[in-house]
Every structure is written in C-alpha cells, then in structure tokens.
Amino acid sequence: MEIYQNACDLLSHVSPSPLTLARVAGTLLVYRVQDTELEESQWFNNQVKQCLDQEEVEELIESIHRTDAL
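**Q** How should unusual backbone geometry be read in this particular structure?
**A** Trans is the common state for peptide bonds, and a negative phi is the common state for residues other than glycine. Located in the positive-phi region is Asp35, a residue other than glycine, with phi close to 50°. Along the polypeptide, Asp35 turns up in the loop between α2 (18-33) and α3 (38-50). Judged by its relative accessible area of 65%, Asp35 is exposed.

**Q** Can you help me understand the confidence of the model for the chain in this one?
**A** For any part of a model where pLDDT is low, the fine detail of the predicted coordinates should not be relied upon. On average, the chain scores 90 in pLDDT, and the residues at 70 or more come to 93%. The secondary structure element of the chain with the lowest average pLDDT is helix α4 (residues 54-65), at 92, and the one with the highest is helix α1 (residues 2-10), at 96.

**Q** What is the right way to read α1 from this model?
**A** Side chains of residues three or four places apart in an α-helix project in the same direction, reflecting 3.6 residues per turn. Listed in full, the buried residues belonging to α1 are Ile3, Ala7 and Leu10. Projected down its long axis, α1 shows its buried positions confined to an angular sector of 65°, all on one face. Taken together, the buried residues of α1 touch α2 and α3.

**Q** For this particular structure, what's the right way to read the packing of α2 against α3?
**A** For any two helices packed against each other, the geometry comes down to the angle between their axes and how far apart the axes lie. Running from amino to carboxyl end, α2 crosses α3 at an angle of 170°, the nearest separation of the two axes being 10 Å. Here α2 lies roughly antiparallel to α3, going by the angle between them. Here Val24, Thr27, Leu28 and Tyr31 of α2 come into contact with α3, specifically with Glu40, Ser41, Phe44 and Asn45. Split into classes, the residues belonging to the contact of α2 with α3 amount to 4 nonpolar, 3 polar and 1 charged.

**Q** Would you explain the pattern of salt bridges in this entry?
**A** For side chains of opposite charge, pairing can occur when their charged atoms come near one another. Per the stated rule, a full pass over the model turns up 3 salt bridges. For the salt bridge of Glu2 with Arg32, the shortest nitrogen-to-oxygen distance reads 3.0 Å. Here Glu2, found in helix α1, pairs with Arg32, found in helix α2; they are 30 residues apart in sequence, far enough to count as distant. The partner of Glu58 in a salt bridge is Arg23, and the shortest N-O contact between them spans 2.2 Å. Within this pair, whereas Glu58 is found in helix α4, its partner Arg23 is found in helix α2, the two being separated by 35 residues in sequence. The structure contains a network of salt bridges with shared partners spanning Arg23, Glu58 and Glu62.

Conventions we followed
- Residues numbered from 1 in each chain as written.
- Predicted model: local features only at pLDDT ≥ 70, side-chain atom pairs only at ≥ 80, totals over all residues.
- Heavy atoms only, no water.
- Helix = DSSP H or I, 4+ residues; strand = E, 2+ residues; numbered from the N terminus.
- Buried < 20%, exposed > 50% of the residue type's maximum accessible area, 1.4 Å probe, protein only.
- pLDDT = per-residue confidence, 0-100.
- Arc of directions from axis to C-beta.
- Contact = heavy atoms within 4.5 Å.
- Axes fitted to C-alpha atoms, helices over the stretch in contact; angles between N-to-C directions.
- Parallel < 35°, antiparallel > 145°, perpendicular 65-115°, else oblique.
- Nonpolar A, V, L, I, M, F, W, Y, C, P; charged D, E, K, R; others polar.
- Salt bridge = Lys/Arg side-chain N within 4 Å of Asp/Glu carboxyl O.

Put into structure tokens, the structure is as follows:
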C-alpha cells in the first residue's frame with residue numbers, strides 16, 4: 001500500500017492511466033526489492049515529478065529499462 005501511495009503522490013500533477021500508475025509503482029517496488037541506492041531512487045522520483053504528462057512518464061520508464069542506452 002505504501003508503494004502505491006508513493007506512486008500516486010509522484011503522479012499527482014498529471015492524470016495517469018491505471019497502467020502508468022502501475023508501471024511507476026512497479027519501478028518503485030523494483031528499487032526497493034533490489035536495495036537500489038537511495039540516490040538512484042531519488043533521481044527517479046525527481047524525474048517523474050518533472051514530467052509534464054503521462055506520455056513523458058511512460059518515456060522515462062522506457063528509457064530506464066532500455067539495454068541499448070549505452
């Protein structure tokens with residue numbers, strides 16, 4: 001429930017679809033389960049807060065999951 005609430009808080013400035021909300025919550029869950037460094041988790045949170053709409057949130061999530069980014 002805490003992760004869901006965190007995702008809702010991060011997306012409070014946009015009107016996310018249920019899928020986008022689930023993807024943000026899933027990313028937060030992965031960060032927690034994998035004991036991701038606090039800085040990386042904070043970076044993601046800040047990036048989501050800066051997104052202007054749902055599409056930008058989706059692009060952000062896609063970009064962090066791409067293996068070809070290097």
